[in-house]
Amino acid sequence: MTSALTGTRAELPGSWPAALAPDCLEVIDLPTPYLVTDLDTVAGRLSAFTGALPGFQTFYAMKCNPSAEILMTVRDQNASFEVASLGELHQLERLGVTPADVLYSNPVKPPAHIAAAYAAGLWRFSFDSPNELRKLAEHAPGSAVYLRLHVDDSESSFPLSRKFGAELHEGRDLLVLARRLGLRPYGITFHVGSQCANADAWRQAIDASGKIMSSLLDEGIRLEMLDIGGGFPARYATGVPSIEEIGAVVTAAVDDVLPYRPGLLAAEPGRHLVAEPAVMAAGVIGREVRGGENWLFVDVSAYHGMMETIQLPTGWDFPVRSTADGPADAPRLPFTVTGPSCDSSDTMFYGLSLPATIDVGDTLYIGSAGAYTLSYASAFNGFPPPTPLFVGNPPWQL
Ligand SMILES: *Cc1c(COP(=O)(O)O)cnc(C)c1O
C-alpha cells in the first residue's frame, strides 16, 4: 500500500482522481504494467451512490473488479455483494463476508455451485426459466428466488439481454411455478446493460416489474424485493448522466409506478464504483511507422486487461495521458496503439492523439481503467498482467 503520493496536475479529465495525477504516478518505482487504484475514491463513489439512492441496499457486483482491497473497502461501508459463481462466494467468505447477506444473481448456475452456496448459507438466487427453477428446487430447496426480467438494454454500451431474462408476459407464471416447486417467490431483478447512458431505461424496467408485482397480488403473492441490477455508467472521455440524475429517476419510479414498496430495494453497481478510481500504466516499448501510420507498442493490451477496447466496433473512449505530455499547444499526432504480443488483435486504440515526441521509455496512463480490466488480464505470450497497486487510506488492514 502506497499512501504518500502527493502532487497535482492542472488539466486532468473530470473522471481522473487527483491522487492519481500523472506527476504523482511518475514517482512509483514499479515496472509497468500496473493498475493503480485510489481506494478513497472507491469509498467516495460508494457513498455518493448510496446517497443518490436512499432506501436502496447496495450489492457490489464483484466480477467487475474482485481485488481484496476493493472488496474490503466496500464491505467496510456496510454494502454487500452480488456473485455469479461459487468461486466468488468463497473469495468473500475468506474476507469474512456472511453468505446469507450475498445475492446470487447469475440466472443460469452450475448445479454444484447452487448446492454449495446453499449449504454455505446463501439463500437468494435469481432465475429466468422453468429449467433453472427445477435446478434450484432440487439443490436449494425452499430458497428465495427472484426473476430476471428481459428489459430494453439498447441504451447501454454492453447489452446483456439476449443472453438472459424472461419476457414480461412469462413473469407471473414463473413466480407462481416457483411457489408450486416449494420455493419462495421473492422478487424481480433486471439489468439495463452495462454503461447505460439513459436513466429512462431504469424507469421503464421498474414499470415492467411493477406490472408483474400487481399481477401476482391476486395469486396471494406479495414480492419482497426489487433489485434494479447494475449498468450505472462511469465517466470515460465523454460525459454520462450523474448518479444523482439516475437516482432521482429511479426514486420517482419506485414511488410512482410500483403497486407497493417491497421490503428490500437492491442495486448491484459494478463499473460505476470502480472504473474511475483506477489508472492503468503502460510502458512504451516501441514506436514504428506501418503503412504510413504511427504505431505505438506498449506493454499492456486487450489480453492484459484492456479487453473492452476491442469489444466495441467504435472502440472505447478511455481518457489517456502520458509522461510525454507537454504544454497544451505542443504538437500531437494520431497513433495506433497496440500491445506487446505477436498477435495483431490486441490493438487497443486507433487514431489516438498523443504527443508527437512520445517514444520508448515513456508511460501511457489510461484513465477510468478499474472496471473489467484486472479480472480479464492474462499473461498471454509471456507478458505479465498488470500488477495491482492501491493508494488511499482505508480504515481496514489486510
Ligand atoms: C455484471 C453485473 C452487474 C454489474 O454491472 P455493471 O454494468 O458493471 O454495473 C450487476 N448485476 C449483475 C447480475 C451482473 O451480472
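No experiment lies behind these values; they were computed from the predicted model shown. Residue numbers run consecutively from 1 along every chain, following the written order of its sequence. Side-chain atom pairs in this predicted model are given and counted only at pLDDT of 80 or more, local residue features only at pLDDT of at least 70, and totals for whole chains, interfaces and linings cover all residues. Each side-chain value is derived from all of the structure's non-hydrogen atoms; neither hydrogens nor water enter the calculation.

1. So, the domain arrangement of the protein
Then, in step 1: Boundary definitions for the domains trace back to an automatic or database domain assignment. You can read the domains of the protein as domain 1 (9-30 + 276-391) and domain 2 (39-274).
Then, in step 2: Taking the mean C-alpha position of each, domain 1 and domain 2 sit 33 Å from one another.
Then, in step 3: Throughout, a residue-residue contact means that at least one pair of heavy atoms, one from each residue, lies within 4.5 Å. Listed per partner, the contact involves 21 residues of domain 1 and 24 residues of domain 2.
Then, in step 4: When the buried area of domain 1 at its contact with domain 2 is split by residue, Glu276, Tyr372 and Phe390 rank highest and sum to 31% of it.
Then, in step 5: For salt bridges, the criterion is a side-chain nitrogen of Lys or Arg within 4 Å of an Asp or Glu carboxyl oxygen. Taken together, the links from domain 1 to domain 2 amount to 2 salt bridges.
Then, in step 6: Between Glu276 and Arg45 there is a salt bridge, with its nearest N and O atoms 3.1 Å apart.
Then, in step 7: Think of a polar contact as two N or O atoms within 3.5 Å of one another; within protein, one of them needs to be a possible hydrogen donor and the other a possible acceptor, and neighboring residues in sequence only count if both atoms come from side chains. Linking domain 1 with domain 2 are 10 residue pairs in polar contact (both at pLDDT 80 or more).
Then, in step 8: In this classification, the charged set is Asp, Glu, Lys and Arg, the nonpolar set is Ala, Val, Leu, Ile, Met, Phe, Trp, Tyr, Cys and Pro, and all remaining amino acids, among them Gly, are polar. Grouping the constituent residues of the side of domain 1 that touches domain 2 by class yields 12 nonpolar, 6 polar and 3 charged. By buried area we mean the combined loss of accessible area, with a 1.4 Å probe, across both parts when two parts are placed together.

2. Concerning the side chain of Ser105
Then, in step 1: When you line up the elements, Ser105 lands in the loop between strand E4 (103-104) and helix H5 (111-120).
Then, in step 2: Classification of Ser105 as buried rests on a relative accessible area of 6%.
Then, in step 3: Of the polar contacts made by the side chain of Ser105, one reaches the side chain of Glu268; its length is 2.6 Å.
Then, in step 4: Look past the residues within four positions of Ser105 in its chain and what remains in contact with it is Glu82, Val83, Ser126, Tyr146, Arg148, Asp227 and Glu268. Secondary structure follows DSSP: runs of H or I at least 4 residues long count as helices, runs of E at least 2 residues long count as strands, and numbering of each begins at the N terminus. Throughout, exposure labels follow a simple rule: accessible area from a 1.4 Å probe, protein chains only, divided by the maximum for the residue type, with under 20% read as buried, over 50% as exposed, and the rest as partly exposed.

3. Here's the deal with the site of the ligand
Then, in step 1: Contacts to the ligand come from 13 residues, most closely from Lys63, Ser194, Gly231, Glu268 and Tyr372.
Then, in step 2: At 2.8 Å from an oxygen atom of the ligand is found a side-chain nitrogen or oxygen belonging to Lys63.
Then, in step 3: Interatomic distance of 2.9 Å between a side-chain N/O atom of His191 and an oxygen atom of the ligand.
Then, in step 4: Using the Shrake-Rupley algorithm and a 1.4 Å probe, accessible areas are obtained, with residue cover drawn only from the displayed protein chains. Burial of the ligand by the protein amounts to 92% of the accessible area it has alone, namely 390 Å². Whether a residue is near a molecule or strand depends on its heavy atoms: it is near if one of them lies within 4 Å of it.

4. Some words on the pairing of strand E13 (residues 293-298)
Then, in step 1: Only one face of E13 is covered, namely the one carrying Asn294, Leu296 and Val298; the face carrying Glu293, Trp295 and Phe297 has none of its residues buried.
Then, in step 2: In this description, strands pair whenever DSSP reports at least two bridges between them. Strand direction decides the pairing type here: strand E12 (residues 278-290) and E13, joined by 6 bridges, are antiparallel. Looking at E13, one finds that Val289 is bridged to Asn294.
Then, in step 3: Remark: 2 residues form the turn of the hairpin made by E12 and E13, two consecutive strands paired antiparallel; Gly291 in that turn has positive phi of roughly 55 degrees.
Then, in step 4: Note: E13 against strand E15 (residues 332-338), 4 bridges, orientation parallel. Across the sheet, Phe297 pairs through a bridge with Thr338, a residue of E15.

5. Some remarks on the packing of helix H8 (residues 200-217) against helix H9 (residues 243-257)
Then, in step 1: Angles run from 0 to 180 degrees between N-to-C directions of axes, and those axes are lines fitted to C-alpha atoms, restricted for helices to the stretch in contact. At a minimum axis separation of 9 Å, H8 and H9 run at an interaxial angle of 20 degrees. The angle between H8 and H9 falls in the class roughly parallel. Note that H8 runs across H9; the crossing there is right-handed. On H9, the residues touching Trp202, Arg203, Ile206, Asp207 and Gly210 of H8 are Ile246, Val249, Val250, Ala253, Val254 and Val257.
Then, in step 2: Of the residues contributing to the contact of H8 with H9, the split by class is 8 nonpolar, 1 polar and 2 charged. Oblique is the label for every angle not falling under 35 degrees (roughly parallel), over 145 degrees (roughly antiparallel), or within 65 to 115 degrees (roughly perpendicular). A crossing counts as left-handed when the near helix is turned anticlockwise from the far one by less than a right angle, and as right-handed when that turn is clockwise.

6. Describing the packing of aromatic side chains
Then, in step 1: Between rings of Phe, Tyr and Trp, where Trp is taken as its six-membered ring, a pair exists when centres lie within 6.5 Å; planes separated by under 30 degrees are stacked, by over 60 edge-to-face, and by other angles tilted. Inspection of every chain in the model, using the stated rule, returns 12 aromatic pairs.
Then, in step 2: Judged by centre distance (6.5 Å) and plane angle (70 degrees), the ring pair of Tyr60 and Phe81 falls under edge-to-face. Taken together, the positions of Tyr60 in strand E2 (residues 56-61) and Phe81 in strand E3 (residues 80-83) put the pair 21 residues apart, joining distant regions of the chain.
Then, in step 3: Take Tyr60: its relative accessible area is 0%, and that puts it in the buried class.
Then, in step 4: With a centroid separation of 6.4 Å and 75 degrees between ring planes, the pair formed by Phe318 and Phe349 is classed as edge-to-face. In this pair, Phe318 sits in the loop between E13 and strand E14 (320-322) while Phe349 sits in strand E16 (residues 349-355), placing the two residues 31 residues apart along the sequence. Of the two residues, Phe318 and Phe349, both sit in the buried class.
Then, in step 5: Here the aromatic residues Tyr236, Trp316, Phe318 and Phe349 are joined through ring pairs into a cluster of three or more.
Then, in step 6: Here, a charge over a ring means that NZ of Lys or CZ of Arg falls within 6 Å of the ring centre while also lying within 35 degrees of the ring normal. Residue placement shows Lys109 over the ring face of Tyr104; its charged tip is 5.6 Å from the ring centre.
Then, in step 7: Against the face of Tyr260 rests Arg222, its NZ or CZ located 4.2 Å from the ring centre.

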